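Breakdown of the fold
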Amino acid sequence: MKYDFDAIYDRGNTDSLKWRLRAEHCGSEDVIPLWVADMDFACPPEVAEAVQARAAHPIYGYPLRSEGYYRSVIGWMRRRNGWEIEKEWICYTPGIVPGMNFAVQACTSPGDKVVIQPPVYHPFTSAALNNGRQLVENPLVIENGRYVMDFAGLERVIDDRTKAIILSSPHNPVGRVWERAELERLTEICARRGLVIICDEIHSDLILDGPRHTCLASISKEAADITITLSAPNKTFNIAGLTMGNAIISNEKLRKAFSQAVESSGIGVSNVFGNVALEAAYDRGEPWLEEMLEYLRGNYRLLAEAIAAKLPELKLCPLEGTYLAWIDFRALGMDDAELARFLTRDAKVWLDEGTKFGNGGSGFMRMNLACPRAYIAEALDRIEKAIAARR
Ligand SMILES: Cc1ncc(COP(=O)(O)O)c(C=O)c1O
């Protein structure tokens, strides 16, 4: 391996959200934080060097996005996803969560209904509610041990006020990489019933197993016409703190409405460092990404083997995409508050509570696997000992 994913970095003095909140949330600093989707890997050196080179010039005034920036995004989509996009389709957003809010503003009106499919990344809920839209839930269902979309349920919850659905593709937290056939069925329903699909593809480069990621808008002209794709290198290369993103929208009317929402929020200028980081990551980050994915697969294997051999009470959902494992702790027989306390206070491991992701999350925990393997090994050891002490 060219890159060292076992390297331990002390993030103590970096005001990292993931690390700094330990004492406040868990009552102790002696807790392994495996919660928020933030890696403990150094980003590709190619990216750090590009940011440092730009930082060496001491004027950080308003930037434009360069031609190279657009070429990088277009090239990435072509190489990684087989999706041909045009420069004009790429709209600025200072991040994917802001982009989701702009998209809701762009394609719905106050009082309209927005569908989400929980358990799902919690800002989907706030993107609807904070903008005065009604939230409609169409929970995922488990079929043969695998989460799937409930298409019949979706047909049932749509009425005249339902204008959009927000999709996590791949799905955080259940780890599904949606298959083309599933996306086609979703598109058919949304096109027929007049819904825009706000398709959050931030995890699309993080495919561990299962089908290749399909960009929903690449499926057909019909799909492209009703889709706002949200895309960023933020998760892929661990550069979320550089706050950037792209909304890729081929439908001109939707694109104008999206850009209008961005403009009326007063946000128009991109981030000097975000721009150079994106270009370096997409142009030179692929070897790092391939190695990182192999390392992640190793972490996931370690988790799966430990659960099979030593933690029979836990049940692991197959992880196809994202670096976030979704684990069923219900057999321990604890309520959610008890389970959270047990993990943070007894086991001293901080996982994301399933209830954070809404309906269907009770009894589950989400574990972030994007860290040196030693953290995962130690966390599993701690959980095993804490459970053994209760048996
Ligand atoms: C599905 C999903 N969308 C968006 C984000 C955050 O994106 P950003 O930091 O660009 O707002 C995350 C972060 O975990 C996520 O999991």
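What comes next is a walk through the structure. (Residues numbered from 1 in each chain as written. Predicted model: local features only at pLDDT ≥ 70, side-chain atom pairs only at ≥ 80, totals over all residues. Heavy atoms only, no water.)

**Looking at the overall build of the chain**
Regarding its fold elements, the chain presents 14 helices and 15 strands. Relative to its length of 391 residues, the chain is compact, with a C-alpha radius of gyration of 21 Å against a globular reference of 21 Å. For the chain, the spread of C-alpha atoms along the principal axes amounts to about 60 × 55 × 35 Å. The buried share of the chain, taken over its 391 residues, is 58%. For the chain, restricting intrachain contacts to residue pairs at least 6 apart in sequence, the fraction spanning at least 24 positions comes to 75%. Accessible area for the chain stands at about 16,200 Å²; split by element, carbon and sulfur atoms hold 51% of it. (Helix = DSSP H or I, 4+ residues; strand = E, 2+ residues; numbered from the N terminus. Rg over C-alpha atoms; globule rule 2.2 N^0.38 Å. Buried < 20%, exposed > 50% of the residue type's maximum accessible area, 1.4 Å probe, protein only. Contact = heavy atoms within 4.5 Å. Areas by Shrake-Rupley, 256 points an atom, 1.4 Å probe, with all protein chains shown as cover.)

**With respect to the sheet that holds strand S8 (residues 196-200)**
The seven strands lie next to each other as S2-S10-S9-S8-S7-S3-S4, forming an open sheet whose pairing is mixed. The open sheet has two edge strands, strand S2 (90-92) and strand S4 (134-137), and neither has a second partner. Recorded for the sheet is a direction-independent mean angle of 25 degrees between the axes of neighbouring strands. Where strand S7 (residues 162-168) lies against S8, five bridges are found, and the strand directions are parallel. Within the sheet, the bridge partner assigned to Ser-168 lies in S8 and is Asp-200. (Pairing = 2+ DSSP bridges. Axes fitted to C-alpha atoms, helices over the stretch in contact; angles between N-to-C directions.)

**Some thoughts on the pattern of salt bridges**
One pass over the full model with this rule turns up 31 salt bridges. Note that Glu-46 and Lys-2 form a salt bridge whose closest N and O atoms lie 3.8 Å from each other. Residue Glu-46 is found in helix H3 (residues 45-55), and its partner Lys-2 is found in the segment before helix H1 (17-20); the two are separated by 44 residues along the sequence. A relative accessible area of 15% means that Glu-46 is categorised as buried. Lys-2 gets classed as exposed once you look at its relative accessible area, which sits at 62%. (Salt bridge = Lys/Arg side-chain N within 4 Å of Asp/Glu carboxyl O.)

**Quick look at the packing of aromatic side chains**
Summed over the entire model, instances satisfying the criterion amount to 15 aromatic pairs. Judged by centre distance (5.6 Å) and plane angle (40 degrees), the rings of Phe-5 and Tyr-295 are tilted. Taken together, the positions of Phe-5 in the segment before H1 and Tyr-295 in helix H12 (residues 286-310) put the pair 290 residues apart, joining distant regions of the chain. In this structure, Phe-5 and Tyr-295 share a single accessibility class: buried. An angle of 55 degrees between the planes, with centres 5.5 Å apart, marks the rings of Tyr-60 and Phe-273 as tilted. Of the two residues, Tyr-60 is situated in the loop between H3 and helix H4 (67-81) and Phe-273 in helix H11 (residues 272-284); the sequence distance between them amounts to 213 residues. (Phe/Tyr/Trp six-rings, centres within 6.5 Å; stacked < 30°, edge-to-face > 60°.)

**Examining the side chain of Asp-328**
Its place among the elements puts Asp-328 in strand S12 (residues 324-328). For Asp-328, the side chain forms a polar contact with the side chain of Arg-330, separated by 2.8 Å. (Polar contact = N/O pair within 3.5 Å; in protein donor to acceptor, adjacent residues only side chain to side chain.)

**Notes on the nonpolar core**
Formed by 75 residues in total, the largest nonpolar core has its most connected members in Met-292 and Met-367. Looking at this core, the elements that each hand over two or more residues are H3, H4, H11, H12, S12, helix H13 (336-347), strand S15 (364-368) and helix H14 (373-390). Of the residues forming this core, the biggest block, ten residues, is contributed by H12. Ignoring anything within four residues of it in the chain, the contact list for Met-292 reads Phe-5, Met-39, Phe-41, Leu-206 and Thr-236. Grouped together as the second largest cluster of nonpolar side chains are 29 residues, Ile-116, Ala-128, Ala-247 and Phe-258 included. (Core = buried A, V, L, I, M, F, W, Y, C linked by side-chain atoms within 4.5 Å.)

**Some words on the sheet that holds S15**
Sheet strands pair by backbone hydrogen bonding; their relative direction is either parallel or antiparallel. Spatially, S11-S12-S15-S14 is the arrangement adopted by the four strands of the open sheet, whose pairing is antiparallel. For this open sheet the edge positions go to strand S11 (315-316) and strand S14 (352-353), each flanked by a neighbour on one side alone. Direction of pairing for S12 relative to S15: antiparallel, over a ladder of five bridges. Residue pairing for S15: Ile-327 is matched across the bridge by Met-365.

**Notes on the site of the ligand**
Around the ligand, a shell composed of 13 residues is seen, among which Ile-96, Asn-172, Asp-200, His-203 and Lys-235 lie nearest. Asn-172 has a polar side-chain atom sitting 2.7 Å from an oxygen atom of the ligand. At 3.0 Å, a side-chain N or O of Asn-234 approaches an oxygen atom of the ligand. No other element matches the three residues that helix H5 (residues 96-107) contributes to the shell around the ligand. Residue composition of the shell around the ligand, by class: six nonpolar, five polar and two charged. (Near = heavy atom within 4 Å. Nonpolar A, V, L, I, M, F, W, Y, C, P; charged D, E, K, R; others polar.)

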